[in-house]
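Breakdown of the fold
Spelled out, the chains give:
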Amino acid sequence: MSIGHTLLGLLESGPRHGYDLKRAFDEHFGHDRPLHYGQVYSTMSRLLKNGLVEVDGVEAGAGPERKRYAITDAGVTDVGQWLSRPEKPEPYLQSTLYTKVVLALMTGRDAAELLDTQRAEHLRLMRGLTERKRQGDLADQLICDHALFHLEADLRWLELTAARLDGLAQTVHK
Amino acid sequence: MTPEGSLLAASDLHKAYGATPALDGAEFSIHPGEVVAVLGPSGSGKSTLLHCLAGIIRPDRGTVRYGDRDLTAMSDAERSALRRSDFGFVFQFGQLVPELTCLENVALPLRLNGARRKEAERQAREWLERLEVEDVHTQRPGEVSGGQGQRVAVARALATRPRVVFADEPTGALDSLNGERVMTLLTDAARETRAAVVLVTHETRVAAYSDREITVRDGKVKDLLAGLR
Amino acid sequence: MTRPPHRRPVPPHGPAVWFRDLGMGLRFAAAGGREGWTRTLLTAVGVGLGVLLLLGAASVPTLMEGRHERAMARQLLNGEEPPSASARTVLAAGSDTTFRDERVFGTRVRPEGPDAPLPPGVTAYPRPGTMVVSPALRSLLASPGGALLRERLPYVITGTIGDAGLLGPKELAYYLTSDALTVDNGAFRLARFGADDPGPPMSPMLLMLIIIACVVLLMPVAVFIATAIRFGGDRRDRRLAALRLVGADVATTRRIAAGEALFGALCGLALGTALFLVCRTFAGSVTLWDINAFPSDVTPLPALAALIAVAVPLAALAVALFTLRGVAIEPLGVVRGRTVRRRRLWWRLPLLVGGPAILLLGGRLDPRQSGSDVYPVAVGAALTLCGVTALLPWAIEAVVGRLGGGPVAWQLAVRRLQLSGGGAARAVSGICVAVAGALALQLLVSALQSDFVRRTGQDSSRAQMSVSLPESTTAGLRRGIARLAGTEGIRGTRALIEANVTRPGPLRKGEDFPPGAPLTVGDCASLREVADTGPCHDGDVFLAVHGGPASDAGAVRAAARPGGQVLLNADGDTGKPIGAPRLWTVPERTREVAARSDPTGDLSLRVLATPGALDATRLQDPYARVLIRTDPAVPDAEEHVRNTAAALGPEVFVSTVHDTESDAQYAGVHTGLLLGSTVTMALVAAGLLVTTVEQLRERRRLLSVLVAFGTRRSTLAWSVLWQTAVPVALGLALAVAAGLGLGSGLLRMAGKADYDWAGVWPLPLAGGLLVLLVTLLTLPSLWRLMRPDGLRTE
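Residues numbered from 1 in each chain as written. Chains lettered and ligands numbered in written order. Predicted model: local features only at pLDDT ≥ 70, side-chain atom pairs only at ≥ 80, totals over all residues. Heavy atoms only, no water.

Glancing now at the interface of chain A and chain B. At the junction of the two partners, chain A supplies 17 residues and chain B supplies 21 residues. Here chain A and chain B share four salt bridges between them. On the surface where chain A and chain B come into contact, there are six residue pairs in polar contact (both at pLDDT 80 or more). Those elements giving two or more residues to the side of chain A that touches chain B turn out to be α6 (111-135) and α7 (138-173) of chain A. Top element by residues in the side of chain A that touches chain B is α6(A). It accounts for 12 residues. (Contact = heavy atoms within 4.5 Å. Salt bridge = Lys/Arg side-chain N within 4 Å of Asp/Glu carboxyl O. Polar contact = N/O pair within 3.5 Å; in protein donor to acceptor, adjacent residues only side chain to side chain. Helix = DSSP H or I, 4+ residues; strand = E, 2+ residues; numbered from the N terminus.)

Structure below.
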């Protein structure tokens, strides 16, 4: 997930303070990992240096000085490019589960058992997501859907793999 | 035998079609207001389990208890009467009577149950409203979209205020958005009326609307919670 | 951009296209698997029955002609100049009798030399006192049931009458050689048997009946074929759709589909011909309308047979193409008239109005005159029936569209009819035409029969039989009367000895012959059968002069004046006494009374005398009439009487007294019509059954779902019943209305007014029963389809 592009995107709807940016990020995207202030400022300074944002004004106050950031034309272009670029598929989960299924079969354990346990675990998570989706607004729904579809895809891939390896194991053990 | 407080419970169900066993010692129980997903690969015996639980078919062996009654010991007429009064059904497709209007379709189980036509159609109309398809009540099933049709089917299943709703792949013929909406409306309405839902599906996303799932594999049931008990 | 000219094969055109496509259809039908064969079979059965009917109708002229010729060939007619006796002549006298309501054709013969002509079917005269008989009579006489007839015909059987001498194989007939036969006792002298008769042209009535019968029986068959062509047949649909996908145009696929129907029609033609050949061998064992025919009589006219062979397949083709009009064969599937096209009334009404109009405008049809034009009548009747067929789908749509309410089963049925009533209407219109046509025919036939069925004026409550004894001596008559009275199964007899009396003396002024009057001698009880005598004692004489024509009354009064004398033995021609005059004085106190119809319906004015007033032995050439009351408890009382009468002599004439005549004949026609239309309706019912079961099968899944949520079987069964019954009820209502209307129209043509309403109800009843039957037969499939198997996802 690109934090820089996300923050840029948030600025597109209007100039914001750094604190506002963090709040908005957390509210929409930060359910799993809230953003640190430090991350916001380091990202902003990088974007400033690249000319994608500019400082819209500074407010003096009791605390630290509060800069208002605004997106530049170059920044808008950059967000557009990022949005239209496909994401690399995440290979992480598949490789772990694959390793587990293969290990189970190699050691003579029940792959179906592993699958059912994994499905139950997936379903537990999916129930939570479904519940959140029912309570939440559109953004919640979209995000939860994404997670749900991914989890379901994992499961389906896992089921297919188990079925394939079952057949393979039978030929192996003959 | 049956788990404490369960509404519908089955034990040691066996059913074979010819030589191929569809159920081979299946167990099941569901409580009032509970949504239980029945998962499993195709051909594993999911639908057979549902048909046995609903008293549509009689198992070769085993018992199905509904409250204090034994479905397997009841006559065909008694089971039909029970299905009319206490159970509701949603299937994947082809379940609405094509000649009747949507309203008449929803009113049908009420009328089969002995309600007068006017009263049945008044109640049916409420259910159509509730499932957000009030506007199609004069149309016939062939003239509405798949999602609308399935909502009409859900309305029909719920119209008699059943204690148990049996749903066999209720979203199987729908796109994701419509499927999701149908599942939300179905489970919301069921929870509200404290109806139990037996939900047969092969989609985990749909199963995620349940409170609990069981997996049918080769006619045997794996109830993870039951295993924990 | 020059490309080498691509030589495309020239596609066939004109008739070649038709042959190619129809041929392809034929091949598809022959290789269409089980469903295809079912459809072909149903079509073939429908067409086969149609062909059978047509061939039967085409045989009627041959049949009637054959019967007529054989009947003429055995006529006893000696023409205007009787031949004189020679070795080449024969004496013959009709000697028919009746056995248990069946006529026995009988002739007594006496060949006058070795070269005497032989009657048709007889190879040699039987020896005197023996007889030759028809095969049917031979077996009847040999059977226990024929014992009574055997008493009447106790003669040795020496031969068999060949087919040429019989009207039909079941005819009872005999030729008896009798030495007693003379010209004086009623025989004709013949130089040959048979009469020249050109044969009357076919009665226009009969022609009309045949034409209308064909329309009536063929329309349902056509409807049935149309239904059969529409039988779903998923395989065929997929095949036709596949043809469209590979580029066949709509016309081509239609021709191919029509070719499949043509296959059924050709099979039907073969089947019908085979059925016809089988049926005609049984023609002899069936007696309908008093007609019983030899198989060889049942031969279609060659021209008509050829026409049938060509027209039937063409008609099937036309029906198929017409039917496919409403079916859209698209590359991705077949759409079966789904576009809800509202049925229009405008083209249906002219048929229904035009038919009766033609009937009404056409003049009266004279049953006896062959010149009258029968074709407008037939066309009008056919149009009316077509109109009914065409109107029915519209009527069903119009009526069903207004239905609603009622229980669930009713709702399901009505809604289904509203959505797809066309199929039901099609199937039902067959029944409708059959009923309407049969009704019309029945009315017509019953009216024509009323010529014979009218009240005879006879009174069977007073006497059941009347036996006439020929002129004899009074003693002879009394012996005969006594023997009749002693016959088994008789409760009572009234005997009347009759003769003629004449006024004696010379002719008076203005008279050409001496006045005479019939005179009857009988006891008071017997006299009361012919006159209202009032108080009557032996010794009384009455003049029955009231209640009849005044001229007759005058003749009686002129001949027999109370106090005057009458001559008992006058010669009928001269009025002079034969030998010494026998005179009898009519008593002074003779009363004039009213004559009364006797039980046979006769009424005549005459002199009535009790035996105490006039000794019957003084009468000249007396004859007698015996009125007999039979005992209904004795089953063959009539036959016993006939036997006694036959024993008394060949000239004793027996008749039975009926209130109405020809009851049995009419019942035969009635049964035949009912049977014919029932068979036709059964055919339609078969179509209805197939349609319904097919419809149910398409909805297998839905039925399972309905069962799942607890629908009672009875609810679904009732809905099937309603679904069949509503269109049929509408159809029958329309049919009865049309049938009665058409019937009255035809009656008007025939110049008859009264008809038999009692004959109307069996047909709608039969239609209703067929609906029940179809529903019942549907139930097993319904039960089977209601099993939860349909819920299992494939």
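Read on, since the account is not over.
This next bit is on a positive patch on the surface. Residue and element names in this part refer to chain C. Together, Arg-697, Arg-700, Arg-784 and Arg-787 make up a region of like positive charge exposed at the surface. Relative to the elements of secondary structure, Arg-784 occurs in helix α19 (residues 762-785). Its relative accessible area of 45% is what places Arg-784 among the partly exposed residues. (Patch = residues over 30% accessible without salt bridge, like charges linked within 9 Å, V, L, I, M, F, W, Y side chains within 5 Å. Areas by Shrake-Rupley, 256 points an atom, 1.4 Å probe, with all protein chains shown as cover. Lys, Arg positive; Asp, Glu negative; His and termini not counted. Charge placed at Lys NZ, Arg CZ, Asp CG, Glu CD. Buried < 20%, exposed > 50% of the residue type's maximum accessible area, 1.4 Å probe, protein only.)

Attention now moves to the environment of C:Gly745. All names here are of chain C. Assignment of secondary structure puts Gly-745 in helix α18 (residues 713-750). For Gly-745, a relative accessible area of 12% puts it in the buried group. Considering only alpha carbons, one finds Gly-745 and Pro-356, 389 residues apart in sequence, at a separation of 7.3 Å.

We now examine the packing of helix α3 (residues 102-112) of chain B against helix α5 (residues 146-159) of chain B. All names here are of chain B. At a minimum axis distance of 8 Å, the contact between α3 and α5 shows a crossing angle of 25°. Taken together, the axes of α3 and α5 are roughly parallel relative to one another. Crossing of α3 against α5: the hand is right-handed. Counted together, Cys-102, Asn-105, Val-106, Pro-109 and Leu-110 of α3 and Val-152, Ala-155, Arg-156 and Ala-159 of α5 form the full contact between these two elements. For the contact of α3 with α5, a count of residues per class yields seven nonpolar, one polar and one charged. (Axes fitted to C-alpha atoms, helices over the stretch in contact; angles between N-to-C directions. Parallel < 35°, antiparallel > 145°, perpendicular 65-115°, else oblique. Left-handed = near helix turned anticlockwise from the far one by under 90°. Nonpolar A, V, L, I, M, F, W, Y, C, P; charged D, E, K, R; others polar.)

Attention now goes to the state of the cysteines. All names here are of chain C. Evaluation of the coordinates by the stated rule reveals one disulfide over all chains. Paired by a disulfide, Cys-524 and Cys-536 hold their sulfur atoms 1.9 Å apart. Between Cys-524 and Cys-536 the sulfur-sulfur dihedral comes to about -80°; the bridge is accordingly left-handed. Remark: Cys-536 occurs in the loop between β13 (531-532) and β14 (541-546) and Cys-524 occurs in helix α13 (residues 524-527); sequence separation between them is 12 residues. Neither Cys-524 nor Cys-536 differs from the other in exposure class; each is buried. (Disulfide = S-S within 2.5 Å.)

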